[in-house]
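If you want the building blocks of each chain, they are given just below.
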Amino acid sequence: MNKRNLILLGFALVVAAQLAVPAWMIMEREWTLRDGQVFKFKTRPIDPVDAFRGRYVWLGLEPGVVKMRDVNAWHYDQKAFAVLGTDTNEFATVERLEHKAPAGQAAVPVHVGWTDTKKGEVHINWTGLDRFYMTEQKAPAAEIAYREHNRRTNQTCHVTVCVRGTHAVIEDLFMDGRPIHAWLKAHPGDK
Amino acid sequence: MSKQAIQWLYHELPRLVAQGLLTPEADAKLRAHYGPIEPARPARLAVIIFGVLGALLIGAGIMLVLAHNWEDLSRPVRAVLSFLPLVLAQGLAAWTMFNRPQSLAWREGAGALLFLMIGASISLVAQTYNISGDLPRFLLTWALLGLPVVYLLDAVVPALLYLWGITEWACHLRWEDGFAAGYWPLAALLLPLLALWLRAGRYRVRPTLLLWALCVSVTVAAGVTIERVLPGLWIMLYAGLFALMFLIGEFWYGAAEGFWARPLRHFGAAGVLVLAFLFTFEWPWKEIGWNYWYGGRFHHPAWRAIPDAVLGSLIPIAAIVLLGMTVRRKTPLGLLFGLAPILAILGYALASLTDTYAPSAGLFDLYLLVAGLWLLVSGIRINKQGQMNVGLLAITALLVARFFDSDLDFLLRGLLFIALGIAFLVANIVMLRRKGANHEQA
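The following paragraphs examine the structure supplied in this document.

Cut-offs and rules
Residues numbered from 1 in each chain as written. Chains lettered and ligands numbered in written order. Predicted model: local features only at pLDDT ≥ 70, side-chain atom pairs only at ≥ 80, totals over all residues. Heavy atoms only, no water. Helix = DSSP H or I, 4+ residues; strand = E, 2+ residues; numbered from the N terminus. Buried < 20%, exposed > 50% of the residue type's maximum accessible area, 1.4 Å probe, protein only. Contact = heavy atoms within 4.5 Å. Lys, Arg positive; Asp, Glu negative; His and termini not counted. Charge placed at Lys NZ, Arg CZ, Asp CG, Glu CD. Patch = residues over 30% accessible without salt bridge, like charges linked within 9 Å, V, L, I, M, F, W, Y side chains within 5 Å. Areas by Shrake-Rupley, 256 points an atom, 1.4 Å probe, with all protein chains shown as cover. Salt bridge = Lys/Arg side-chain N within 4 Å of Asp/Glu carboxyl O. Pairing = 2+ DSSP bridges. Axes fitted to C-alpha atoms, helices over the stretch in contact; angles between N-to-C directions. Core = buried A, V, L, I, M, F, W, Y, C linked by side-chain atoms within 4.5 Å. Polar contact = N/O pair within 3.5 Å; in protein donor to acceptor, adjacent residues only side chain to side chain.

### Some details on the overall build of chain B
Assigned secondary structure in chain B consists of 18 helices and zero strands. Per-residue burial for chain B yields a buried fraction of 48% across its 442 residues. Counted over contacts in chain B with a minimum sequence separation of 6, partners at least 24 positions apart contribute 72%. Side-chain charges of chain B comprise 32 positive and 24 negative groups, with the mean position of each set lying 10 Å from the other.

The structure is reproduced here in structure tokens:
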């Protein structure tokens, strides 16, 4: 093989690898969105900025606390799997935390925040599900609208998440039972 | 020999021949030996700089436009769009490789654009699917996918971007309490390229630029890749690192001229002087050594401390070996800056064994004073204004720091500042006059 062909082959491999990474990211998520089980999480949107990926709202998913018998088995920043269930209002609950991914159950990777040994509680951070991207005008509007409405009407905001095994993808953010983009269009004055 | 030195030589040759110091044959032989000087082509350089700047601006612009987040577009459309800038940049890189392989401007520009578009593409997918911020993983993926671009296009701008990526990755990983020693093998992936460039011409712009970037990157990485289980290890590590940089610069890049052409020498020297200044305070020496071992509080596996042992011993040892070679070469500045790691080890031993801090700080008071005086005097003797001013600056910093430590009244402090200011002015005026006189004589 001459030098030109060798370079061509090298370049082709590099191009393939560069395309494969975003392609795999897309496929993995599309698969979860198509086949995953949908969970509704109560949440609270806050608006920060990401230099690389644009504006997003930070989601504080609930529940943020899990009652556990073995509180001492968990420490700060430890990775855990939150095994999901649903309550009577169809909102997601965390049944328990596991050190390893449980087979055949929907479980989302989370990080342990702090532990309260007296109350037997473990605080968790939903590190993989804390962003919802929006335009630079709508992200702060979503946060303000939530804050205002929550104070006046005590209505909740929720997010739907598709879970396939331990892989979770955010589907949409809802305010007052409607997708956030539709809700903001219907309430242009609530900013 | 550097281009500037050859230029100077060619400028001198006619005079030397006229004065009878050289025969015309010797003149011809010297010219044949060093060859013709390539004329500087400012237009070509401008094309390269503007090509790269253009690529960087377009790349940054595309990233910002994507960051705007087109929520009205459907997911499949956004997925296709996320590939578009990447595919276009790949096409441009391919065109450059096969149609303009000799054009540095095209290679640098296309390389920079492709590197940025890899990041843009991953970012847009992350945005479309609300993927959370695992920043270290994103940076590492981006850097690794961009590394082959450096080699395929033989370009320095993607190499600088790669270096930025892995340094940023190491810092973020450290911030998240991760294990960042992977920086070193990742940085070593640039060494074959550096070796190729150095072989082609040690004093050319591209290896010099990469060496400057490596100096900054390695300095940051040395701090973030150690686990700090042994308090104060950084003292010996950084003293060794800066001395090593200086000595390598002094040994292998001696013929370069001008400040920017000698990255290792100047970065190393500045590092040693700043470090020596910090070491004149007592805080670096407090609570260091085996008695304050972090072992009990270290909740990671013990192997994570291996880089500490490797870096903390290898770098100062390498510097000391080079110092030994310097002693044989009898270069006073090499000796002066090369001594820093030995003094750091001595200071460290003193502070950790006796739990007293003043002797170690005093050692560096003395070192900085001697180094400052040496640079000042030798700078005056060999007519190097920069060196003289660095010496003066070192002495000034030392005196000011010590005077603020002590309880002297404002009058005395004021008088000290006036005296230092006068010293700076007088020394520089004398130096300028002397240079002017030399110029007139010539």
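### Focus: a negative patch on the surface
A cluster of acidic residues, A:Asp77, B:Asp134, B:Glu176 and B:Asp177, forms a negative patch at the surface. For B:Glu176, the location among the structural elements is in the loop between helix 7 (156-175) and helix 8 (183-188).

### Digging into the pattern of salt bridges
With the rule as written, the count across this model stands at 13 salt bridges over all chains. A salt bridge links A:Glu28 to A:Arg29, with the shortest nitrogen-to-oxygen separation between them at 3.4 Å. Owing to a relative accessible area of 13%, A:Arg29 belongs among the buried residues under this scheme. Shared partners join several salt bridges into a network, and the residues in it are B:Arg107, B:Glu108, B:Asp154 and B:Arg206.

### A closer look at the sheet that holds strand 8 (residues 107-116) of chain A
Paired through their backbone hydrogen bonds, the strands of a sheet run either parallel or antiparallel. All names here are of chain A. Spatially, 5-9-8-6-7 is the arrangement adopted by the five strands of the open sheet, whose pairing is antiparallel. Only two strands of the sheet have a single partner each, and these edge strands are strand 5 (65-67) and strand 7 (92-98). Across the sheet, the mean angle separating the axes of adjacent strands is 50 degrees when strand polarity is ignored. Pairing of strand 6 (residues 79-86) with strand 7, which is carried by six bridges, proceeds in the antiparallel orientation. Bridge pairing links Gly85 to Thr93 in strand 7.

### A closer look at the nonpolar core
Looking at soluble globular proteins, one finds that nonpolar side chains tend to be buried together. Grouped together as the largest cluster of nonpolar side chains are 119 residues, with contacts concentrated most on B:Tyr183, B:Leu210, B:Trp285 and B:Phe337. Contact partners of B:Phe337, with chain neighbours within four places excluded, come to B:Ala243, B:Phe246, B:Ala269, B:Val272, B:Leu273, B:Tyr367 and B:Leu375. Counting 35 residues, the second-largest nonpolar core is a separate cluster that includes A:Leu61, A:Ile124, A:Cys157 and A:Ile180.

### Some details on the interface of chain A and chain B
At the junction of the two partners, chain A supplies 36 residues and chain B supplies 39 residues. At the boundary of chain A with chain B, the tally comes to zero salt bridges. Between the two partners, chain A and chain B, sit four residue pairs in polar contact (both at pLDDT 80 or more). Only helix 1 (3-35), strand 4 (54-59), strand 10 (131-133) and strand 12 (167-175) of chain A provide two or more residues apiece to the side of chain A that touches chain B.

### Concerning the sheet that holds strand 11 (residues 157-164) of chain A
Residues and elements named next belong to chain A. A sheet is described by the order of its strands in space; here four strands give the open sequence 1-11-12-13, paired in antiparallel fashion. With one partner strand each, in any of the chains shown, strand 1 (37-43) and strand 13 (178-179) form the two edges of the open sheet. In this sheet, strand 13 lies alongside strand 12 in antiparallel orientation, the contact comprising two bridges. Pairing of Met175 across the sheet is with Arg178, part of strand 13. Along the sheet face, helix 1 touches strand 1, strand 11 and strand 12 and points at about 65 degrees away from the line of strand 12.

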